[in-house]
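Here is how the chains run, residue by residue.
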Amino acid sequence: MTDKRIAQLVAAIPAAWTPPPLKLIESEKLSLLETGLLCTLTKHLSATAGLKSLRGLHALFPDWNELRVSQVQEFESAIKTKNDDLRRLVAGVVKEYLQEIFQNNHGFDLEPYRDDPTEAAKFVAELTHFGTSAQHYLLFVAAGGEAPASNGLVRVLDRLGVVKRTSSMRKAQEALSKKVSPADREAFASRFGAIVEFCESKKPTCWECALVEACPFGKKVFKDWQAQQVRLELHREREEAARLKAEERERKRLEAEAKKRAEKLAKEEAKRQAIAERKARAEEKKAEMKRKKLAAAKAAAAKKVAAKKKAAAAKKKATAKKAAAKKAAAAKQKAAAQKAAAKKKAAAKKKGGTKRSSSPKKKSTAKKAKKKSTKRTTKKKTSKKKPSTKRKPAAKKKPAAKKKSTKKRGATKKPAAKKKTKKGATRRKSKKRR
Ligand code: SF4
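Residues numbered from 1 in each chain as written. Predicted model: local features only at pLDDT ≥ 70, side-chain atom pairs only at ≥ 80, totals over all residues.

A. Region of the structure containing the site of the ligand. Contacts to the ligand come from 15 residues, most closely from Cys199, Cys206, Cys209, Cys215 and Gly218. Classifying every residue of the shell around the ligand by side-chain character gives 13 nonpolar, one polar and one charged. The two domains that each donate at least three residues to the shell around the ligand are domain 1 (4-213) and domain 2 (215-279). (Near = placed C-beta within 6 Å. Nonpolar A, V, L, I, M, F, W, Y, C, P; charged D, E, K, R; others polar. Domains from an automatic or database assignment.)

Below, the structure is given as structure tokens:
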């Protein structure tokens, strides 16, 4: 008796991969190894292209082990697709499949697994690159079209409440074959096989499973997961708030530090400016003092020159005044002498020739007075001319003959001699008259 619920569950699971039809596999008489390879190829290619690629690979390398150890470039041309990247990718997947089969089976003969569902389930569970969906489809083919059975599939169905859990794969296979109709077994194998991937024994990811709403166990796990997500979200929010708070605190600290640094720099700058201003003021003061000192020195020098000029002018004025006074005195004296001489002359004329003895005397006195006056005048002249004689010492050293030739110089330097000569001459004149 088939289970309608299983059919409903199969219909609820989306088909992520379309396996090659069982009829095609049987008509082509593919071995389990080739069936597995065709499943690998049909994950990327269509069933027809997959089958052609399988035939091409087998033609290139009749021994599957040779294909396993070959380079991808050696057989990628057998992959039937126009996309170069896809061809290279599929060639790599083929190599991985053969490598995984060889590592877990130590050969490429998988036919013994057809009669032993327990070993077959253990073996396909090791093919991690193959995927749970392909694993269960291979079990379905190995079972000759019966419902597949594996520990993972039994766990899924147990959690869904469809079958009871058992460790015997043969019993599980028999029980499932009764519950799943032959028409649904192909889809059941591939689609329920995909669910096994989420339904892990310890940590099922029910929130990713397509059957979570229909699964009592999954509902509970999903609820716990949602609560956990809420807690995690709260925790994340708290952490985010703490992070933002710490960032804000750090930002304020940095701002305070920057402000402090700026204030310190401003203070230092102000200090520098004050020092510079003080220095400039001191230099300006110094320059001002220097200017004042220079001006005072200039004024003192000018004053000194003016005083000298004034003193020289005063001296000149005094000498001129003195000379004028002397000249006036000399003129007065001369006038007095002339007056006296005139008086004497007049007196002598009155007396006539009676007193000739006395007249010569008077004449001589008059002459003496005249000579005295002339001496004074010559002295004055010589006194005036003295500076010129001092300035020209060479003139002084000139021969005496020249000096004698000039009457004034002879009169100034040797007045006595001249006087004597004049006196002698007058005396001689007077004697002649006598
Ligand atoms: S809902 Fe969870 S427990 Fe249920 S079948 Fe899916 S994965 Fe498994």
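Back to the text.
B. A look at the nonpolar core. Leu138, Leu139, Ala142, Ala149 and Val156 are the most contacted members of the largest nonpolar core, which has 62 residues in total. Examining the composition of this core, we find that seven residues originate from one element, helix 9 (residues 132-142), more than from any other. Setting aside chain neighbours within four positions, we find Ala149 in contact with Pro117, Ala121, Val154, Met169, Ala172, Gln173 and Leu176. (Core = buried A, V, L, I, M, F, W, Y, C linked by C-beta atoms within 7 Å. Buried ≥ 20, exposed ≤ 12 C-beta atoms within 10 Å, placed from the backbone. Helix = DSSP H or I, 4+ residues; strand = E, 2+ residues; numbered from the N terminus. Contact = placed C-beta atoms within 7 Å.)

C. Spatial organisation of the confidence of the model for the protein chain. In this model, the protein chain carries a mean pLDDT of 85, and residues with pLDDT of at least 70 account for 80%. Least confident of the elements in the protein chain is helix 16 (residues 400-405), whose mean pLDDT is 42; most confident is helix 3 (residues 32-42), at 95. Considering only residues more than four positions removed or in separate chains, one finds that residues 355-359, a stretch of pLDDT under 50, has one contact. (pLDDT = per-residue confidence, 0-100.)

D. Structural view of unusual backbone geometry. Not every positive phi belongs to a glycine, and Lys29 is a case in point at roughly 55 degrees. C-beta crowding within 10 Å serves as the criterion here: with 7 such atoms nearby, Lys29 is assigned to the exposed category. One non-glycine residue, His106, lies in the positive phi region at around 55 degrees. You can see His106 is positioned in the loop between helix 7 (84-105) and helix 8 (117-125). When the 8 C-beta atoms within 10 Å are taken as the criterion, His106 is described as exposed.

E. Focus on helix 4 (residues 47-60). With 14 residues, helix 4 extends 20 Å from end C-alpha to end C-alpha; this agrees with the ideal 20 Å at 1.5 Å per step. Every buried residue belonging to helix 4 is among Gly50, Leu51, Ser53, Leu54 and Leu57, and all of these are buried. On an axial view of helix 4, the arc spanned by its buried residues comes to 160 degrees, and they lie on one face. Turned more than 90 degrees away from the buried face of helix 4, the exposed residues are Thr48 and Ala59. (Expected span 1.5 Å × (residues − 1). Arc of directions from axis to C-beta.)

F. Spotlight on the packing of helix 10 (residues 151-160) against helix 12 (residues 185-196). Contact pair helix 10 / helix 12: the axes reach a minimum separation of 9 Å and the direction vectors enclose 85 degrees. Between helix 10 and helix 12, the crossing angle belongs to the class labelled roughly perpendicular. Judged by residue contacts, Gly152, Leu153 and Val156 of helix 10 engage Phe192, Gly193, Ile195 and Val196 from helix 12. Its residues placed into classes, the contact of helix 10 with helix 12 shows five nonpolar, two polar and no charged. (Axes fitted to C-alpha atoms, helices over the stretch in contact; angles between N-to-C directions. Parallel < 35°, antiparallel > 145°, perpendicular 65-115°, else oblique.)

G. View of the packing of helix 8 against helix 9. The contact between helix 8 and helix 9 brings their axes to 9 Å, and the two run at 155 degrees. Classified by the angle their axes make, helix 8 and helix 9 are roughly antiparallel. For the crossing formed where helix 8 meets helix 9, the hand is right-handed. Along its contact with helix 8, which presents Ala120, Ala121, Val124 and Ala125, the element helix 9 presents Gln135, Leu138, Leu139 and Ala142. Per-class residue counts for the contact of helix 8 with helix 9 are seven nonpolar, one polar and no charged. (Left-handed = near helix turned anticlockwise from the far one by under 90°.)

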